[in-house]
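# Coordinate analysis (summary)
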Amino acid sequence: MKAEPNFFTPTGRPIARFGLYILALVVCIVFYFPVAGTLLNKTEGVAGRISTPEFESLVDAMIKISLRTACGIAGILLSLLLFIREPFRNMIAKPWQPVAGRFLMCVGIYVLAVLLKDALVGLATGKPLHFNSAFLTAENADVYLVALSFGLAMVPLQSLTEEIIYRSFIVKGFNGLFSRRWFLMLMSGLFFSLNHGGQDLFYWLLLSVILVWSVIKSNSIIYAWAIHAGHNFYYMFVLGGTSHSEDAMTLFLQDQNQLSLWMELLAVVVTLSVISLKRNWSLTANDFLGKADDRAVSHVES
């Protein structure tokens, strides 16, 4: 059966494509860190001048997240225009497919899975979840609603920015130069680990193996994006640490530990297992050992 172009289909010569994607990656990182950092330094004190005291920390966080995300998106758009010459939508899915329903379903499953994970870890370690009673008061209701509204709008954009930079650009750029799937998985994990300070390298590598597997099966970053967004949303609005309870705008508090970190991989596996049942995905050795662009039209999600 004739294969149709998909998320991993090479365009142009492998070395040239690799070079263009590396240039795109460099541009995005420059925009996301040095450029955003310079602009953020210029916003110091702005939150205090434009908001009331009870909203100052929230407004400051909103400014920082929005500005860095805007810089990241600007870097992506500039890279697509100058180097990659593909539509923005191809960085999300190719061929195009419905996004909203799949994204929201995956986020919901993931957040429930992580909440169950933290409840079980709490019981096992003697540090159960407890309500953030210091923040969840009638006086803080408006602050939480404003923060939640902002998070619902911004968290998907912020996580999409990082997924395109560290997932789409990496796997598309390295594909063809060394297109074995396991290599793309590890390279994505390595760059994503560096984005998080290089800590817990093996955790990020294993997480990337799982997430890039979902990219291979779906010809998209929809499910990796959803899990990324669900993770950020969960730790911004659902669960905070007890050591910073005075700053946490979350429903629950619980100190996280290494057990909780590694158990999160299980929550990701559970989430994608549910998605696999719905999408009729199967797990084979070829998912890891095969070539990323070796996909027949019959395997493309509709």
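Please refer to the structure higher up on the page.
Here we summarise the structure given alongside this text. (Residues numbered from 1 in each chain as written. Predicted model: local features only at pLDDT ≥ 70, side-chain atom pairs only at ≥ 80, totals over all residues. Heavy atoms only, no water.)

## Here's the deal with the overall build of the protein chain
- Looking only at helices and strands, the protein chain features 10 helices and three strands.
- Listing the helices and strands of the protein chain from first to last along the sequence gives α-α-α-α-β-α-α-α-α-β-β-α-α.
- Projecting the C-alpha coordinates of the protein chain onto the three principal axes gives extents of approximately 60 × 45 × 35 Å.
- Expressed as a percentage of its 302 residues, the buried residues of the protein chain come to 47%.
- Contacts in the protein chain between residues at least 24 apart in sequence constitute 79% of all its contacts with a sequence separation of at least 6.
- Surface accessibility of the protein chain: about 14,300 Å² in total, with carbon and sulfur atoms responsible for 69%.
- Charge centroids of the protein chain, computed over 22 positive and 20 negative side chains, lie 16 Å from each other. (Helix = DSSP H or I, 4+ residues; strand = E, 2+ residues; numbered from the N terminus. Buried < 20%, exposed > 50% of the residue type's maximum accessible area, 1.4 Å probe, protein only. Contact = heavy atoms within 4.5 Å. Areas by Shrake-Rupley, 256 points an atom, 1.4 Å probe, with all protein chains shown as cover. Lys, Arg positive; Asp, Glu negative; His and termini not counted. Charge placed at Lys NZ, Arg CZ, Asp CG, Glu CD.)

## A few points about unusual backbone geometry
- In this model, Lys94 is joined to Pro95 through a cis peptide bond whose omega is -5 degrees.
- In this fold, Pro95 is placed in the loop between helix H3 (56-84) and helix H4 (100-125).
- Of note, Arg85 is a non-glycine position whose phi angle comes to about 55 degrees, a positive value.
- Relative to the helices and strands, Arg85 is located in the loop between H3 and H4.
- Non-glycine residue Asn280 carries a positive phi angle of around 60 degrees.

## Observations regarding the environment of Thr11
- Take Thr11: it is sitting in the segment before helix H1 (14-41).
- In this structure the C-alpha to C-alpha distance between Thr11 and Lys172, which are 161 residues apart in sequence, comes to 9.5 Å.
- Once residues lying within four places of it in the same chain are set aside, the contact partners of Thr11 are Arg17 and Glu86.

## Concerning helix H5 (residues 141-174)
- Compared with the 50 Å implied by 1.5 Å per residue over 34 residues, the 47 Å span of H5 between its first and last C-alpha is a close match.
- The largest bend in H5 comes to about 35 degrees, at Ile164.
- Of all 34 residues in H5, 25 are buried, a share of seventy percent or more.
- Once H5 ends, the next one or two residues include Gly176, with phi positive near 100 degrees. (Expected span 1.5 Å × (residues − 1). Bend = angle between axes of the 7 residues up to and from the residue.)

## Looking at the pattern of salt bridges
- Inspection of every chain in the model, using the stated rule, returns six salt bridges.
- Between Asp60 and Lys64 there is a salt bridge whose closest N-O contact spans 3.2 Å. Residue Asp60 and its partner Lys64 are both found in helix H3; the two are separated by four residues, about one turn of the helix.
- Overall, Asp60 belongs to the partly exposed group, its relative accessible area being 22%.
- Residue Glu264 pairs with Lys117 through a salt bridge whose shortest N-O separation is 3.9 Å. Here Glu264 is found in helix H9 (residues 258-279), whereas its partner Lys117 is found in helix H4, with 147 residues between them in sequence. In terms of burial, Glu264 and Lys117 fall into one category: buried.
- Connected through salt bridges with shared partners, the residues Lys117, Asp118 and Glu264 form a single ionic network. (Salt bridge = Lys/Arg side-chain N within 4 Å of Asp/Glu carboxyl O.)

## Examining the sheet that holds strand S3 (residues 252-253)
- One open sheet accounts for three strands, arranged S1-S3-S2; its pairing is mixed. Where the open sheet ends on each side, the last strands, each with one partner, are strand S1 (130-131) and strand S2 (239-240).
- Sheet analysis places S1 next to S3, joined by two bridges and oriented antiparallel. Bridged to Phe131 within S3 is Phe252. (Pairing = 2+ DSSP bridges.)

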